[in-house]
Amino acid sequence: MTVSQPPTIPFTSGEAQATLQEACQVTGLRSDGARLIRLGENALYVLPTERVVVRIARSLDVLADAHKEVAVSAWLNEAGLPAARTTAHEQPLVVRDKPVTLWHFIEDCGTPADLNDLAAVLRMLHQMPVPAELALPEFKILGRVSERISATDVLSDDERRFLLTRYEELQVAYATLNFPLASCAVHGDAHSDNLIKAADGTVVLIDFERFAFGPPETDLAVTAIEHTLGWGSRAAYEQFAELYGFDVMAWEGYSVLSDINELKMTTWLMQNVDEDETIAQEFRNRLFCLQNPEAPRRWRPF
């Protein structure tokens, strides 16, 4: 099912809402009471009447990722790792030149998943053999970063040159790393917000857009950078590392992964500076820190 129009419209909350309405018309789903959960790399809406989550990607450039998400969901559930499940609709849809996927809503238990849950899920995921037919792509840790920098209109020429130079430097640094752990299936955005503790207590993994085959250290570094930014306690991080069985911060290559994650987190936030002044201010704070490596990282989570 495809409903198309020229792909020149910016991915704002208004455009996401228009895409949601057309997707519901195409699928016959009811959109009354639809609630925006998140606007970032994707727009996520809950349809309370249908108990469905609608995930809208920014452009057809990531259509292959949408196909991958559907396939990964099926594999994880068949292999026994609780994961978000797609609805029975043929997927992904393409609506207003945006990939759209539909997911069963997961009723949470009221208590968020924590780093202990994340350590257990990642340990299980990283040990799972990957079927050849899944054909996971190679993990590209800096995927989409240069596109974000080149496409945005919120940077000065000097700022754009700085970020692109930093991107190129980190690409070179990453290519020289010798990873101590064996490559495996990696989530690609492995933080506890991508887990839901369901009403029955099951911890369910969500968001498979960045799923790939690569170094597990890249998944572990997401929690490590959040710890170094002060978004969690030292004790919680140490327990996470102990439960998983490896402390990525003790590895000599961690500083490169930390720098890469700072660049990714900054350019990810940059996409939504026109949506909210608080976001715009935080983006400027993060950009200043990248330009001034010794500056204290007083970053706010979004």
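Each remark here, short or long, concerns the structure printed above.
Caption draft 1: Representation of the packing of aromatic side chains within the structure. Within the structure shown, the criterion is met by six aromatic pairs. Ring centres 6.3 Å apart and planes at 85° place the aromatic pair W75 and F211 in the edge-to-face group. Linking W75 in helix α2 (residues 63–79) with F211 in the loop between β9 (203–205) and β10 (212–214), this pair joins segments that are 136 residues apart in sequence. W75 gets classed as buried once you look at its relative accessible area, which sits at 9%. Measuring from ring centre to ring centre gives 5.2 Å for F179 and W251, while their planes differ by 40°; the resulting arrangement is tilted. Here W251 lies in the loop between α7 (234–244) and α8 (254–270) and F179 lies in the loop between α5 (157–175) and β7 (184–186), a separation of 72 residues in the sequence. By relative accessible area, which is 23% here, F179 ends up partly exposed. Assessed through its relative accessible area of 11%, W251 is described here as buried.

Caption draft 2: Representation of the nonpolar core. In this structure, L76, F208, F211 and V248 are the most contacted members of the largest nonpolar core, which totals 76 residues. It is α8 that contributes the most residues to this core, nine residues altogether. In this structure, A16, L20, C24 and A43 belong to the second largest nonpolar core, which totals 17 residues.

Caption draft 3: Representation of the pattern of salt bridges within the structure. The tally for this structure, following the rule as stated, stands at 21 salt bridges. Its salt-bridge partner being D65, residue R144 comes within 2.4 Å of it at the nearest N-O pair. Separated by 79 residues along the polypeptide, R144 in the loop between α3 (115–127) and α4 (145–151) and D65 in helix α2 bring together distant segments of the chain. According to the relative accessible area criterion, R144 is buried, its value standing at 15%.

Caption draft 4: Looking closely at the environment of E217. Inspection of the secondary structure assignment puts E217 in helix α6 (residues 217–228). Owing to a relative accessible area of 0%, E217 belongs among the buried residues under this scheme. Sequence separation between E217 and R284 is 67 residues, and the spatial gap between their C-alpha atoms is 29 Å.

What counts as what
- Residues numbered from 1 in each chain as written.
- Predicted model: local features only at pLDDT ≥ 70, side-chain atom pairs only at ≥ 80, totals over all residues.
- Heavy atoms only, no water.
- Phe/Tyr/Trp six-rings, centres within 6.5 Å; stacked < 30°, edge-to-face > 60°.
- Helix = DSSP H or I, 4+ residues; strand = E, 2+ residues; numbered from the N terminus.
- Buried < 20%, exposed > 50% of the residue type's maximum accessible area, 1.4 Å probe, protein only.
- Core = buried A, V, L, I, M, F, W, Y, C linked by side-chain atoms within 4.5 Å.
- Salt bridge = Lys/Arg side-chain N within 4 Å of Asp/Glu carboxyl O.

These results come straight from atomic positions and should not be treated as a statement about function.
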